[in-house]
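# Close look at the chain arrangement
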Amino acid sequence: MKNLFNRFVKDESGATAIEYGLIASLIGVAIIVGAGLLGTSLNTTFTSLSSKMAP
């Protein structure tokens, strides 16, 4: 029983999986924020071009 407990305490695979999950979620949030900012910038650019081309 003591050997099983010691092996459980030394096992870090769960912590590694959580770390990879956190990294993946942070990358996802960065992509979403970047795409939102790019979309807003493109919308502003095309609105400006549209108003300049209107008769």
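What counts as what
Residues numbered from 1 in each chain as written. Predicted model: local features only at pLDDT ≥ 70, side-chain atom pairs only at ≥ 80, totals over all residues. Heavy atoms only, no water. Helix = DSSP H or I, 4+ residues; strand = E, 2+ residues; numbered from the N terminus. Rg over C-alpha atoms; globule rule 2.2 N^0.38 Å. Buried < 20%, exposed > 50% of the residue type's maximum accessible area, 1.4 Å probe, protein only. Areas by Shrake-Rupley, 256 points an atom, 1.4 Å probe, with all protein chains shown as cover. Patch = residues over 30% accessible without salt bridge, like charges linked within 9 Å, V, L, I, M, F, W, Y side chains within 5 Å. Salt bridge = Lys/Arg side-chain N within 4 Å of Asp/Glu carboxyl O.

So, on to the overall build of the chain. Helices and strands together make up the secondary structure of the chain, namely two helices and zero strands. Over its C-alpha atoms the chain spans a radius of gyration of 25 Å, topping by over 25% the 10 Å that the globule rule assigns to 55 residues. Each principal axis of the C-alpha atoms in the chain carries an extent, and together these give about 85 × 10 × 5 Å. Buried residues in the chain amount to 0% of all 55 residues. Accessible surface, the chain: about 5,200 Å² in total, of which carbon and sulfur atoms supply 71%.

Within the secondary structure, Phe 8 is located in helix H1 (residues 2–10). On the accessibility criterion, Phe 8 (63% relative accessible area) is exposed. Taking the C-alpha atoms as reference points, Phe 8 and Leu 42, separated by 34 residues in sequence, lie 52 Å from one another.

Together, Leu 38, Leu 42, Phe 46, Leu 49 and Met 53 give the surface a local cluster of nonpolar side chains, amounting to about 560 Å² of exposed area. Looking at the secondary structure, you find Leu 38 in helix H2 (residues 13–53). On the basis of relative accessible area, Leu 38 is assigned to the exposed category, the value being 53%.

Attention now moves to the environment of Met 53. Along the chain, the position of Met 53 falls in helix H2. The exposure class assigned to Met 53 is exposed, which follows from its relative accessible area of 70%. In this structure, the C-alpha to C-alpha distance between Met 53 and Ala 17, residues 36 residues apart in sequence, is 53 Å.

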